[in-house]
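The primary structure of each chain is shown beneath.
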Amino acid sequence: MQILVVGGTGFVGTALVRELCARDHAVTVLSRTAEAEPSDDVRAVDGDVTDYESIEGAFAGQDAVVNLVALSPLFTPPGGNEMHERVHLDGTRHVVEAAAAHGVDKLVQMSALGADPEGPTAYLRAKGNAERVVRASTLDWVLVRPSVVFGDGGEFVDFTKLLTTPYVTGLPGGGRTCFQPLWVGDLAPMLADAVEDDAHVGGVYELGGPEVLTLADVTKLVYRADGRAVRVLPVPMALAKVGLTLGALLPGFPMGSDQYRSLRLDNTVDENDVRALGREPSDLRTLDSYLTGD
Ligand SMILES: NC(=O)c1ccc[n+]([C@@H]2O[C@H](COP(=O)([O-])OP(=O)(O)OC[C@H]3O[C@@H](n4cnc5c(N)ncnc54)[C@H](OP(=O)(O)O)[C@@H]3O)[C@@H](O)[C@H]2O)c1
């Protein structure tokens, strides 16, 4: 197949492109800096999803498109939270429009757990509205909503270290918020299957890893892999809110009240739809195995 991966130079995109190339697909990647990373195996096109004209030409001749464009929810984007709407919502509109204009039938759209037009953060609202755009389209779409993804090049482990300190650390509410971390090396083949197999058209897949971990669990695993212990002390939620809300007023401070809200939201699946993609949760890689290199 001819497959266009929009946002294909990022963390998930790099793993997916590797997988698609290994399956002998002809891959084109598009991002604002794609051409700066030349590769023999893939065609690279520079484009910005907020600018329709800059992306439209890349859709010609494609059989499928995967939309992986992202602004991280872990930090306030340069340009402010309204950038989530421009990049995730307007960007998705442009992807859908360009796909329809060029007869590209299939779209795999990366969304996120908790995506909801009425959601508590700008990221989740933009992702939820983008899902609506995809569902309303005439394309053969698949929606994928993963929990947090870890692996080489990902920001989950680094973010945990940024939020905490070794030996003794405070975490909002004692770090009880739950995650279901999924390894990028497990996610990429599932995404490739979603692209290839028409049985997944119309699927909305909520994907989690093999175990539910609290933020405190994750913190302990991350430092243990570095040979350091950590004791987690609870920081009252109200205090964390004040800290992040005040911090948001400082120029250049990368976190704000949306990050505080995210820290309170569990990020786990009810039914793990990895089964619909032919995997058993128990076969997936754990965070501990990744961190310790087992
Ligand atoms: N990583 C996770 O834990 C996680 C969890 C749940 C859902 N997701 C979703 O999974 C998808 C991939 O995430 P990721 O972690 O791989 O993100 P990432 O590493 O930040 O990659 C984002 C990609 O989007 C491109 N991009 C950003 N703004 C763009 C724009 N305006 N126009 C064109 N390209 C643009 C980036 O390249 P340039 O900057 O060069 O343009 C990059 O290729 C996203 O939809 C994300 O919301 C990720």
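Residues numbered from 1 in each chain as written. Predicted model: local features only at pLDDT ≥ 70, side-chain atom pairs only at ≥ 80, totals over all residues. Heavy atoms only, no water.

1. Notes on the nonpolar core
Counting residues in hydrophobic clusters, the biggest one holds 33 residues, and the most contacted among them are Val5 and Leu191. Looking at this core, the elements with two or more residues in it are β1 (2-6), α1 (11-22), β2 (26-31), β4 (64-67), β5 (106-110), β6 (140-146), α6 (184-196) and β11 (204-207). Looking at this core element by element, the count peaks at 8 residues for α6. Setting aside residues up to four positions removed in sequence, Val5 forms contacts with Leu16, Val17, Leu20, Val27, Thr28, Val29, Leu30, Val66 and Leu68. Leu30, Ile55, Phe59 and Leu143 belong to the second-largest nonpolar core, a separate cluster that totals 25 residues. (Core = buried A, V, L, I, M, F, W, Y, C linked by side-chain atoms within 4.5 Å. Buried < 20%, exposed > 50% of the residue type's maximum accessible area, 1.4 Å probe, protein only. Helix = DSSP H or I, 4+ residues; strand = E, 2+ residues; numbered from the N terminus. Contact = heavy atoms within 4.5 Å.)

2. Here we look at the environment of Glu211
Along the polypeptide, Glu211 turns up in the loop between β11 and β12 (213-214). Taking relative accessible area as the criterion, Glu211 reaches 27% and is therefore assigned partly exposed. Remark: the alpha-carbon pair of Glu211 and Val168, spanning 43 residues in sequence, is separated by 25 Å. Other than its neighbours up to four places away in sequence, Glu211 contacts Phe179, Gln180, Pro181, Thr286 and Leu287.

3. A closer look at the sheet that holds β5
Strand order in the open sheet formed by 7 strands is β3-β2-β1-β4-β5-β6-β11, with parallel pairing between adjacent strands. On the outer flanks of this sheet lie β3 (43-46) and β11, each paired with one strand and no other. In this sheet, neighbouring strand axes are inclined to one another by 15 degrees on average, regardless of whether the strands run parallel or antiparallel. Across 5 bridges, the pairing between β5 and β6 is parallel. Each residue of the ladder has a partner; that of Leu107, found in β6, is Trp141. Packed on one face of the sheet, helix α3 (residues 82-101) meets β1, β4 and β5 and runs near 180 degrees to β4. (Pairing = 2+ DSSP bridges. Axes fitted to C-alpha atoms, helices over the stretch in contact; angles between N-to-C directions.)

4. A word on the side chain of Asn272
Positionally, Asn272 belongs in the loop between α9 (257-263) and α10 (287-292). The buried category is assigned to Asn272, whose relative accessible area is 7%. A distance of 3.4 Å separates a polar side-chain atom of Asn272 from the backbone oxygen of Gly209. Dropping the residues within four chain positions of it, Asn272 is found in contact with Gln180, Glu206, Leu207, Gly208, Gly209 and Pro281. (Polar contact = N/O pair within 3.5 Å; in protein donor to acceptor, adjacent residues only side chain to side chain.)

5. A few points about unusual backbone geometry
For Asp24, which is not a glycine, the phi torsion comes out positive at approximately 70 degrees. Located in the positive-phi region is Tyr167, a residue other than glycine, with phi close to 75 degrees. Structurally, Tyr167 is set in strand β8 (residues 167-172). For Tyr167, a relative accessible area of 52% puts it in the exposed group.

6. Considerations on the packing of helix α5 (residues 156-163) against helix α7 (residues 215-225)
At a minimum axis distance of 10 Å, the contact between α5 and α7 shows a crossing angle of 100 degrees. Viewed along their axes, α5 and α7 adopt a mutual orientation that is roughly perpendicular. Where α5 abuts α7, its residues Phe156, Val157, Thr160, Lys161 and Leu163 lie against Leu215, Val218, Thr219, Val222 and Tyr223. For the contact of α5 with α7, a count of residues per class yields 7 nonpolar, 2 polar and 1 charged. (Parallel < 35°, antiparallel > 145°, perpendicular 65-115°, else oblique. Nonpolar A, V, L, I, M, F, W, Y, C, P; charged D, E, K, R; others polar.)

7. With respect to the pattern of salt bridges
Evaluation of the coordinates by the stated rule reveals 12 salt bridges. Residue Arg23 pairs with Glu196 through a salt bridge whose shortest N-O separation is 2.8 Å. One end of the pair, Arg23, is in the loop between α1 and β2; the other, Glu196, is in helix α6, with 173 residues separating them in the sequence. The exposure class of Glu196 is partly exposed, given its relative accessible area of 32%. Residues Arg145 and Glu131 are paired through a salt bridge, measuring 2.8 Å at the closest nitrogen-oxygen approach. (Salt bridge = Lys/Arg side-chain N within 4 Å of Asp/Glu carboxyl O.)

Everything listed here is a matter of geometry and, on its own, says nothing about what the molecule does.
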